[in-house]
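Spelled out from the first residue to the last, the chains are:
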Amino acid sequence: QLELQESGPGLVKPSETLSLTCSVSGGSIINYNYYWGWIRQPPGKGLEWIASIYYSGNTYYSPSLKSRVTISVDTSKNQFSLKLRSVTASDTAVYYCVEMGTTWFFDYWGQGILVTASS
Amino acid sequence: QSALTQPRSVSGSPGQSVTISCTGSSSDVGGHNSVSWYQQHPGKVPKLIFYDVTKRPSGVPDRFSGSKSGNTASLTISGLQAEDEADYYCCSYGGTYTPVVFGGGTRLTVL
């Protein structure tokens, strides 16, 4: 059974960079049938896709966040990561790492990590 | 404002059927068969309940059904049960520029 686990600081100061890592267990991140990604959910609000990546490094970004986001993969550690630069209070959200099928659906989710952007 | 439009809330009594609509455009829902649906109970992680419009992952009751007509996808839940009370989100592939778009979510209340 595939498991995903987010890790990173729960508090980030405005204007700084949010950095999160997702550790994948129960399967290899080198999987021809899946991509890996990040989705966030502000408190009390809906889901927002941020970015996705293939194990080979092909990346896909939300146009609204593209200028501030970098997604990367480390196959040696079976992990992938998210960096979101210049955070503001509106970036406060639960961040989920996800496995994404080739037809753009999200079937495995991490438990989520609440990241608060505040001084 | 979300790219896909869902009703903010729907409700039904136990045993009844409800349908949640998800309206997009020819660039997303209408142009691709990559519509998925997610169920999220309060404080819980979203759960995939449909992908590729009509495909149901194992473990999802067949009381749930998915469909699409034109630019609108629909999730129908028949034989409503108390445990179905949750938020439901639709999602679609949106093309090269905007690969993934979500709906704003629908709160289902079982009366």
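Analysis parameters
Residues numbered from 1 in each chain as written. Chains lettered and ligands numbered in written order. Predicted model: local features only at pLDDT ≥ 70, side-chain atom pairs only at ≥ 80, totals over all residues. Heavy atoms only, no water. Helix = DSSP H or I, 4+ residues; strand = E, 2+ residues; numbered from the N terminus. Rg over C-alpha atoms; globule rule 2.2 N^0.38 Å. Buried < 20%, exposed > 50% of the residue type's maximum accessible area, 1.4 Å probe, protein only. Contact = heavy atoms within 4.5 Å. Lys, Arg positive; Asp, Glu negative; His and termini not counted. Charge placed at Lys NZ, Arg CZ, Asp CG, Glu CD. Phe/Tyr/Trp six-rings, centres within 6.5 Å; stacked < 30°, edge-to-face > 60°. Pairing = 2+ DSSP bridges. Axes fitted to C-alpha atoms, helices over the stretch in contact; angles between N-to-C directions. Buried area = accessible area lost by both parts, 1.4 Å probe. Salt bridge = Lys/Arg side-chain N within 4 Å of Asp/Glu carboxyl O. Polar contact = N/O pair within 3.5 Å; in protein donor to acceptor, adjacent residues only side chain to side chain. Nonpolar A, V, L, I, M, F, W, Y, C, P; charged D, E, K, R; others polar.

## Observations regarding the overall build of chain A
For chain A, the count of helices and strands is zero helices and 11 strands. Its helices and strands in sequence order give chain A the pattern β-β-β-β-β-β-β-β-β-β-β, from N to C terminus. The C-alpha atoms of chain A give 13 Å as radius of gyration, which agrees with the globular expectation for 119 residues (14 Å, within 12%). Classification of the 119 residues of chain A by burial places 45% in the buried group. Taking all contacts inside chain A whose residues are at least 6 apart in sequence as the whole, residues at least 24 apart take part in 54%. Distance from the positive charge centre (8 side chains) to the negative charge centre (8 side chains) of chain A: 11 Å.

## Quick word on the packing of aromatic side chains
For the coordinates displayed, the defined rule picks out 16 aromatic pairs over all chains. Each ring, one from Y38(B) and one from F102(B), has its centre 6.1 Å from the other, and the planes form 55°; the classification is tilted. Taken together, the residues Y38(B) in strand β3 (residues 35–40) and F102(B) in strand β8 (residues 100–102) connect sequence positions 64 residues apart. Residue class for Y38(B) comes out buried when judged on its relative accessible area of 0%. A relative accessible area of 6% means that F102(B) is categorised as buried. Members of the aromatic cluster, each reached through a chain of ring pairs, are Y32(A), Y35(A), Y54(A), Y55(A), Y60(A), W104(A) and Y93(B).

## Things to note about the sheet that holds strand β8 (residues 79–84) of chain A
Sheets are built from strands paired through backbone hydrogen bonds, the pairs being either parallel or antiparallel. Residues and elements named next belong to chain A. Strand order in the open sheet made by the four strands is β1-β3-β8-β7, with antiparallel pairing throughout. Both outer strands of the open sheet, β1 (3–7) and β7 (69–74), are each paired with one neighbouring strand and no more. The sheet shows a mean angle of 20° between the axes of neighbouring strands, direction not considered. Where β1 lies against strand β3 (residues 18–25), five bridges are found, and the strand directions are antiparallel. Within β3, the position partnered with S7 by the bridge is T21.

## What to know about the sheet that holds strand β2 (residues 18–23) of chain B
Residue and element names in this part refer to chain B. Spatial ordering of the open sheet is given by β2-β6-β5, a layout of three strands whose pairing is antiparallel. Across the chains shown, the open sheet's two edge strands, defined by having one partner strand only, are β2 and β5 (64–69). The mean inter-strand angle of the sheet, taken between neighbouring strand axes irrespective of direction, is 20°. Note that β2 and strand β6 (residues 72–77) share six bridges and pair antiparallel. From the neighbouring strand, S21 faces β6, where its bridge partner is S74.

## Structural notes on the environment of L2(A)
With respect to the helices, strands and loops of the structure, L2(A) is situated in the segment before β1. It is 33 Å that separates the C-alpha atoms of L2(A) and K13(A), two residues lying 11 residues apart in sequence.

## Overview of unusual backbone geometry
At S86(A), a position not held by glycine, the phi torsion is positive, near 50°. Positioned with a positive phi, V53(B) is a non-glycine residue whose angle comes to about 70°. Here V53(B) is to be found in the loop between β4 (47–50) and β5. Judged by its relative accessible area of 7%, V53(B) falls in the buried class.

## A few points about the interface of chain B and chain A
Each partner contributes residues to the interface: chain B has 19 residues there, and chain A has 19 residues. When the buried surface of chain B facing chain A is broken down by residue, V45(B), V100(B) and F102(B) rank first, second and third, together holding 31% of it. Connecting chain B to chain A are zero salt bridges. Linking chain B with chain A are four residue pairs in polar contact (both at pLDDT 80 or more), by the criterion used here. Elements that contribute at least two residues to the side of chain B that touches chain A include exactly β3, β7 (86–93) and β8 of chain B. Its residues assigned to classes, the side of chain B that touches chain A shows 12 nonpolar, five polar and two charged.

## As for the pattern of salt bridges
Once their charged atoms are close, side chains differing in charge can pair, the charge on each being opposite to the other. All names here are of chain A. Applying the stated rule across the entire model yields six salt bridges over all chains. Residues E48 and R40 are paired through a salt bridge, measuring 2.8 Å at the closest nitrogen-oxygen approach. Classification of E48 by relative accessible area gives partly exposed; the value is 24%. Taking the shortest distance from any N to any O, the salt bridge between R40 and D91 comes out at 2.8 Å. Separated by 51 residues along the polypeptide, R40 in strand β4 (residues 34–41) and D91 in the loop between β8 and β9 (93–101) bring together distant segments of the chain. Residue class for R40 comes out buried when judged on its relative accessible area of 6%. Look at D91 and you get buried, because its relative accessible area is 1%. The network of salt bridges with shared partners includes R40, E48, R68 and D91.

Interpretation note: all reported values are geometric properties and have no functional meaning in isolation.
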